[in-house]
Structure formats: structure tokens, C-alpha cells
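Each chain, letter by letter, is given below.
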Amino acid sequence: MTVVSCNRENGGGSNTGSNITVQYKMSETYKFNSETVQIFPGFRYNIKYVDATGKTVEVNDVTAPWTLPSFEVKPPFTARIEGTIVFNENELPDDPISFGAAPNICVLKDGNQVIYDNDVTGHFTTKEKFLEYAASHPEKMQFKVEHTF
């Protein structure tokens, strides 16, 4: 098993040739105004990701933090993690709720580490406000990160 630690940055450039190490993660925190915010632990995720063979794999009822063991691929390869945020209304607190999903694709190629992410987050002062938001914006319960190498 290979462990990969990545620095967060927006990667770019062409990645062809040598193998690439890919790892998918779901964090339990996100950054807001330079502060780290803890996502309410009652949120769970139904996730689909592309494995080393290019096959889409589905895992349900995932809790954060979640990390899939890293794997190697040869370019071209399209890494993708996507899914749905799920919750049980009865488990939500009446107090403020930090909502979200913080998926990322961590990549190691030629000694360079890059994270591709697309957090879906928000903060609500009451349970009722969150439920109104979730009902009126069902698309905000979805997330997706994709990058082709």
C-alpha cells in the first residue's frame, strides 16, 4: 500500500508518459475565510469513483473522513469522484449546521503532488433553514471532481 500526502493547489500542465498515483478522499473539514470548519458528522455520502481499470465503482453510506487506497495508472486516465450527500432529518441538530462534502483527487506524478477538489459547503443557523435549502436546491446535494491526465 502506498500512502500519498498532497499539497493543495490547482494543478495544470500535460501529464503523459510515466505512471501516475491516484487517491480519492472525502475530508470531514473545509476552509472558509482561512478557518477550518468541521462538517456536521451526520452527513453521509453515496460515492461513485473510477478505479485503476477505468471501471466505475459505487460505495454507499460513506462517512468522512474516507480515503481509498492509492493506485497507479498510465495516462491517459480520467480520474473521477462524484456522489450525493445524504442525511437523516431526525439526526440533524437544531443548532447551526455546517453542511457539505469535501471530495478530492490526490495525484502524484514525477514527484509532484497535486489535489483537485470541488467542495460543496455551506453554513446554516438552524435546522429549518438547512432543510429549506436542501429542498429548494437538490442539485446542491451533488458533488463531482474529475481530471484527465
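**Brief notes about the packing of aromatic side chains**
Centre-to-centre distance and the angle between the planes together describe a pair of aromatic rings.
Turning to step 1, where the next piece is worked out: This structure, assessed with the given rule, holds 16 aromatic pairs.
Turning to step 2, where the next piece is worked out: Ring geometry for phenylalanine 43 and phenylalanine 87: centres 6.0 Å apart, planes at 80 degrees, overall edge-to-face. Of this pair, phenylalanine 43 sits in the loop between β3 (35-38) and β4 (44-50) while phenylalanine 87 sits in the loop between β8 (78-86) and β9 (97-109), and the two are 44 residues apart along the sequence.
Turning to step 3, where the next piece is worked out: The interplanar angle of 75 degrees and the centroid separation of 5.6 Å between the aromatic rings of phenylalanine 43 and phenylalanine 99 together place this pair among those described as edge-to-face. Highlighted residues: phenylalanine 43 in the loop between β3 and β4 and phenylalanine 99 in strand β9, separated in sequence by 56 residues.
Turning to step 4, where the next piece is worked out: Judged by relative accessible area, phenylalanine 99 falls into the buried class, the value being 0%.
Turning to step 5, where the next piece is worked out: Joined through ring pairs, the aromatic side chains of Phe40, Phe43, Phe87, Phe99, Phe124, Phe130 and Tyr133 make up one cluster.

**As for the confidence of the model for the protein chain**
Turning to step 1, where the next piece is worked out: A residue-level look at the protein chain finds 89% of positions with pLDDT of 70 or above and a mean pLDDT of 89.
Turning to step 2, where the next piece is worked out: Mean pLDDT values over the elements of the protein chain span from 90, in strand β2 (residues 29-32), up to 98, in β4.

**Some points on the sheet that holds β8**
Turning to step 1, where the next piece is worked out: Pairing in this open sheet of four strands is antiparallel, and the strands run β5-β4-β8-β12 from one edge to the other. For this open sheet the edge positions go to β5 (56-62) and β12 (142-148), each flanked by a neighbour on one side alone. Neighbour-to-neighbour, the strand axes of the sheet open up by a mean angle of 10 degrees, direction not taken into account.
Turning to step 2, where the next piece is worked out: Strand direction decides the pairing type here: β4 and β5, joined by five bridges, are antiparallel.

**A closer look at the environment of glycine 122**
Turning to step 1, where the next piece is worked out: One can find glycine 122 in strand β11 (residues 120-124).
Turning to step 2, where the next piece is worked out: In this structure the C-alpha to C-alpha distance between glycine 122 and valine 37, which are 85 residues apart in sequence, comes to 10.0 Å.
Turning to step 3, where the next piece is worked out: When sequence neighbours within four positions are dropped, the list of residues in contact with glycine 122 reads Tyr30, Ile97, Ser98 and Phe99.

What counts, and at which threshold
- Residues numbered from 1 in each chain as written.
- Predicted model: local features only at pLDDT ≥ 70, side-chain atom pairs only at ≥ 80, totals over all residues.
- Heavy atoms only, no water.
- Phe/Tyr/Trp six-rings, centres within 6.5 Å; stacked < 30°, edge-to-face > 60°.
- Helix = DSSP H or I, 4+ residues; strand = E, 2+ residues; numbered from the N terminus.
- Buried < 20%, exposed > 50% of the residue type's maximum accessible area, 1.4 Å probe, protein only.
- pLDDT = per-residue confidence, 0-100.
- Pairing = 2+ DSSP bridges.
- Axes fitted to C-alpha atoms, helices over the stretch in contact; angles between N-to-C directions.
- Contact = heavy atoms within 4.5 Å.

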